[in-house]
Protein chains: 2
Amino acid sequence: MADSVFVLRNFLVVSLAMNMCLIWKISYDDEETLTSKWSSWGNLQQKLHHHGSCITGEKNNGRVEEAQDNKRTEILPTTSFGAAPVVPDGGESVVINLDHGDPTMYETFWKQKGEETTVVTSGWQHISYFSDIKNVCWFLEPELVSAITRLHKVVGNAITEGRHLVVGTGSSQLYQAALFALSPPNASQPMNVVSAAPFYSSYPLMTDYLKSGLHKWAGDAHQFNKEKPYIELVTSPNNPDGFTRQDVVKGHKGILIHDLAYYWPQYTPILSPANYDIMLFTVSKSTGHAGSRIGWALVKDREVAKKMTTFIEINTIGVSKDSQIRAAKILQAVAGSCDDDESFFDYSYKVMEKRWKKIREAVDKTELFSLPEFSPETCAFSGRSFGQLPAFAWLKCEGEVEDCESFLRKNKIYTRGGKHFGVSTKFVRISMLCRDTEFALFTERLPAIIS
Amino acid sequence: MADSVFVLRNFLVVSLAMNMCLIWKISYDDEETLTSKWSSWGNLQQKLHHHGSCITGEKNNGRVEEAQDNKRTEILPTTSFGAAPVVPDGGESVVINLDHGDPTMYETFWKQKGEETTVVTSGWQHISYFSDIKNVCWFLEPELVSAITRLHKVVGNAITEGRHLVVGTGSSQLYQAALFALSPPNASQPMNVVSAAPFYSSYPLMTDYLKSGLHKWAGDAHQFNKEKPYIELVTSPNNPDGFTRQDVVKGHKGILIHDLAYYWPQYTPILSPANYDIMLFTVSKSTGHAGSRIGWALVKDREVAKKMTTFIEINTIGVSKDSQIRAAKILQAVAGSCDDDESFFDYSYKVMEKRWKKIREAVDKTELFSLPEFSPETCAFSGRSFGQLPAFAWLKCEGEVEDCESFLRKNKIYTRGGKHFGVSTKFVRISMLCRDTEFALFTERLPAIIS
């Protein structure tokens, strides 16, 4: 019987190969048709809307959706994730929404990769709550452990030896898990949580939305009284401004969480493997798979890893196995591509370099705006010497414009204003990770703005 | 070109059909080999361990993993999700862990379904955070909306017309989202949350683990002072005891959340479509896909649905798209199977009926235990007349045994004791959803126990 199965298998391989060729041929033909179909402006808009694009119509005012009837809503971004779209009436009235860091830029690369990154899941797979009951993080898929460990080794951006891996529903959940793990459960006062301004606009909200008695947002780390216990968030490269960071409080009662979502070679030169107590990463910004909601934490202390696991157990009873399996395949493909002619990081570095060149050219054409400057350093991964190429442009309105967000909004460019990051309204954060068409439109419109 | 694509497509269909036959033939042959491979006891154990089974070795004492150094840890289940396994030294020393409701029972059905429920995801799909920006729940996949709506219509267990659908990372996240949405943000006191004892053991922990200022667990609904504002959780059929429930407080300041995770025709006669303000469901218990972490809420009030969406936005920035797409396919297959000779609900009803017959026979062989009795009612879906067949057996130790959980534990059966559900330690909750081998072992061991 084994022989007959072998013969059948050979036949199947040949037949499947023929199928692949046919599918490729049909897709290729369809793509040509599709390209011509989408060539008109209206259809392009339709296509982008269908994909939940950041280009929306004029009538979409992008106003804050009242998140909660709560005093703390001022820390919400100016446009909610769920702003309703309206079909635009033409190119002129199109709103370019660069408020969110939706990483659709990466779609093009993954379309080129094809079958290698396709995941096939049968109806009976991953039914159980459990993944690996021997692991501290019992809902973590072993395949994901291998993929993450391999990728960090290949890139050289983080130490994985002797660390406990905790998977989360995005790094947001891991941030909240870390706060839960690090805040004393029976303290008389909630733990202070700080980060140096400008800080990621969601940190205050994620810390305070449940009015927790365990922890509270205490603002800019630069202003913090060092005598109290605190947790300091160090985001490096920083969201929103892209700079490399160290902790700033330097008190003896502090615990650090390092958010390293952007410590990848398309955004910044990798100088050495990061070696901190708690390090957070996410596929959303490393490979672009935001829809999968997979983040991971490398945690030195076993008890902290256990408590973070407990948080996720209570919060969501684990993390989607379907997404973990998919993330594992994607991360393995990224690691594997580093031996190819053009690796994932080569490709994405080149896109980021090109976009930063374009936005700097656009800004240079006018006196109205400025951007941060970064000194070149040599990346240990690629050998290239370059300055940061952040996922967000931290744009400043020069001259008399005080509210840069409103100013750009009048010109139908939606961004997130400085006040959400704990600094002046003269600054805005602009996503650099949208699709090519949106980025091109943005860099055309920016220098055409007059005060 | 269109013609040539058409011809190629026809050829592809024929070729793919041939592949299907080949795959089926090879799988069938492989399955035979596999069955003989796993026939020995040792290997069966290995297989179960590999799947994170609820059978673990003797040395696994299943002790509480200290979830948080918090006074409230007493409300944690007696065994954590992440208990470490030890290879057993023989059949006698095997621990049967029926503490969790891990729905591995359903694997057999889904293995039979084959390709129809297989999901294929390309590397470039579902990259964006967004699913449908026109929807209140902007991260909800339209395919999942169709599948959920169709299934509720086919089964007749819930009204979907005029409801807002909110997807969650399991129904645990939706429960927390509902608390967030229903608790006034600026009240001087946190909102009281109650449920009639015995209540689901995780409710107190999910309500209090962050020491929220928005809501607090206020215990058994029967004991609640009706003059204060409150949220009452109505779980029907109830976890742990399987009874149909109504709200009990009947105060004028109350808001209800209906947890209908078990309101499906394999567990209970469907009497009429549920029609409440907030109804929670989950694939974990309806189809058995716990690893996907997909739950949904049907919400009457748009503002409540918006606030629940905001909670999930802050908590995890949406819900895995990979799992949503998969859940949509599974739910469509379940709805579609209702026209087949044996529908998913027929199959699972028969398994539950058989198991309940077996556990009642086992309990009848001894004077030590008793089980609840349920009166038969006619199911509007199946036309069958039957009494509840709950996902958990709510077993009582009769006679002198006061701590039923410890008593069974000495006999290497792990269950969850009554105190976790707010009632006497004479009761335990036992999962009825494990694999056949585990259930057979359990119903053999139970009547052999002597006091």
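Everything numeric in this text was worked out from a predicted model, so none of it was measured. (Residues numbered from 1 in each chain as written. Chains lettered and ligands numbered in written order. Predicted model: local features only at pLDDT ≥ 70, side-chain atom pairs only at ≥ 80, totals over all residues. Heavy atoms only, no water.)

(A) Region of interest: the overall build of chain A. The helix and strand inventory of chain A stands at 12 helices and 17 strands. Residue burial in chain A is summarised as follows: out of 451 residues, 61% are buried. Approximately 17500 Å² of chain A is accessible, and the part contributed by carbon and sulfur atoms is 53%. (Helix = DSSP H or I, 4+ residues; strand = E, 2+ residues; numbered from the N terminus. Buried < 20%, exposed > 50% of the residue type's maximum accessible area, 1.4 Å probe, protein only. Areas by Shrake-Rupley, 256 points an atom, 1.4 Å probe, with all protein chains shown as cover.)

(B) Up close: the packing of aromatic side chains. Following the criterion strictly, the structure yields 58 aromatic pairs over all chains and no others. Pairing A:Trp394 with A:Phe421 gives two aromatic rings, centres 5.4 Å apart and planes at 85°, and the pair type is edge-to-face. Pair noted here: A:Trp394 is in strand β14 (residues 392-397) and A:Phe421 is in the loop between β16 (416-417) and β17 (427-431), with a separation of 27 residues, a long-range link. Each member of the pair, A:Trp394 together with A:Phe421, is buried. Geometry around A:Trp124 places B:Lys111 over its ring, the cationic atom sitting 4.6 Å from the centre. (Phe/Tyr/Trp six-rings, centres within 6.5 Å; stacked < 30°, edge-to-face > 60°. Lys NZ or Arg CZ within 6 Å of the ring centre and 35° of its normal.)

(C) Inspection of the confidence of the model for chain A at higher detail. All names here are of chain A. Taken over all residues, the pLDDT of chain A has a mean of 84, while the share at 70 or more is 79%. In the predicted structure, residues 20-80 sits below a pLDDT of 50 and forms 133 contacts with residues beyond four places in sequence or in another chain. A low-confidence stretch, residues 82-90 stays under pLDDT 50, and its non-local contacts, those more than four residues away or across chains, total 25 contacts. (pLDDT = per-residue confidence, 0-100. Contact = heavy atoms within 4.5 Å.)

(D) The nonpolar core, seen in detail. In terms of nonpolar packing, the biggest core is built from 236 residues, with A:Met308, A:Phe369, A:Leu446, B:Met308, B:Phe369 and B:Leu446 touching the most fellow members. Those residues in contact with A:Met308 that sit more than four places away from it in its chain are A:Val166, A:Leu174, A:Ala177, A:Ala178, A:Ala181, A:Ala297 and A:Val299. (Core = buried A, V, L, I, M, F, W, Y, C linked by side-chain atoms within 4.5 Å.)

(E) Examining the state of the cysteines more closely. Residues and elements named next belong to chain A. Under the counting rule described, the total for this entry stands at two disulfides over all chains. There is a disulfide in this structure between Cys 397 and Cys 404, and the S-S distance comes to 2.3 Å. Disulfide Cys 397-Cys 404: torsion about the S-S bond near 65°, hence right-handed. Here Cys 397 falls in the buried class, since its relative accessible area comes to 1%. (Disulfide = S-S within 2.5 Å.)

(F) Fine view of the sheet that holds strand β9 (residues 278-282) of chain B. Residues and elements named next belong to chain B. Strands sit in the order β4-β10-β9-β8-β7-β5-β6 across an open sheet of seven strands; the sheet is mixed. The outermost strands of the open sheet, each flanked by one partner alone, are β4 (164-169) and β6 (215-220). Averaged over all pairs of adjacent strands, the angle between strand axes in this sheet comes to 25°, irrespective of strand direction. Note: strand β8 (residues 254-259) against β9, two bridges, orientation parallel. (Pairing = 2+ DSSP bridges. Axes fitted to C-alpha atoms, helices over the stretch in contact; angles between N-to-C directions.)

(G) A look at the packing of helix α5 (residues 170-182) of chain A against helix α8 (residues 302-316) of chain B. Following both chains from N to C, one finds α5(A) and α8(B) inclined at 80°, their axes separated by 6 Å at the closest point. For the element pair α5(A) / α8(B), the angle class is roughly perpendicular. Along its contact with α5(A), which presents A:Ser172, A:Gln173 and A:Gln176, the element α8(B) presents B:Ile314, B:Asn315 and B:Thr316. Residue composition of the contact of α5(A) with α8(B), grouped by class: one nonpolar, five polar and no charged. (Parallel < 35°, antiparallel > 145°, perpendicular 65-115°, else oblique. Nonpolar A, V, L, I, M, F, W, Y, C, P; charged D, E, K, R; others polar.)

(H) Region of interest: the pairing of β8(B). Pairing of strand β7 (residues 230-235) of chain B with β8(B), which is carried by six bridges, proceeds in the parallel orientation. Its bridge partner lying in β8(B), B:Leu233 is registered against B:Ile257.

(I) Here's a closer look at the sheet that holds strand β6 (residues 215-220) of chain A. Residues and elements named next belong to chain A. Across the sheet, which stays open at both edges, the seven strands sit in the order β4-β10-β9-β8-β7-β5-β6 with mixed pairing between neighbours. The open sheet is flanked by β4 (164-169) and β6, the only strands paired with a single partner. Within the sheet, the average angular offset between the axes of one strand and its neighbour, ignoring direction, is 25°. Set on the sheet, α5 makes contact with β4, β5 (191-195), β6, β7 (230-235), β8 (254-259), β9 (278-282) and β10 (294-299); between it and β4 the angle comes to about 120°.

(J) Focus on helix α12 (residues 436-448) of chain A. The end-to-end C-alpha separation of α12(A) is 19 Å, in line with the 18 Å expected for 13 residues at 1.5 Å each. For α12(A), the set of buried residues is A:Glu438, A:Phe439, A:Leu441, A:Phe442, A:Thr443, A:Arg445, A:Leu446 and A:Pro447. (Expected span 1.5 Å × (residues − 1).)

(K) Here's a closer look at the side chain of B:Ser172. Along the polypeptide, B:Ser172 turns up in helix α5 (residues 170-182). We classify B:Ser172 as buried; its relative accessible area is 6%. Apart from the residues lying within four places of it in its own chain, the contact partners of B:Ser172 are A:Ile314, A:Asn315, A:Ile317 and B:Met206.

(L) Broad picture of the pattern of salt bridges. Counted according to the given criterion, the structure contains 32 salt bridges over all chains. Between A:Arg384 and A:Asp346 there is a salt bridge whose closest N-O contact spans 2.8 Å. Placement of the pair is A:Arg384 in the loop between β12 (377-378) and β13 (385-386) and A:Asp346 in helix α10 (residues 344-364), with a sequence separation of 38 residues. Two residues, B:Lys113 and B:Glu116, come together in a salt bridge whose shortest N-O distance is 3.4 Å. The exposure class assigned to B:Lys113 is buried, which follows from its relative accessible area of 17%. For B:Glu116, a relative accessible area of 45% translates into the label partly exposed. Residues participating in the shared-partner salt-bridge network are A:Lys113, A:Glu116 and A:Asp340. (Salt bridge = Lys/Arg side-chain N within 4 Å of Asp/Glu carboxyl O.)

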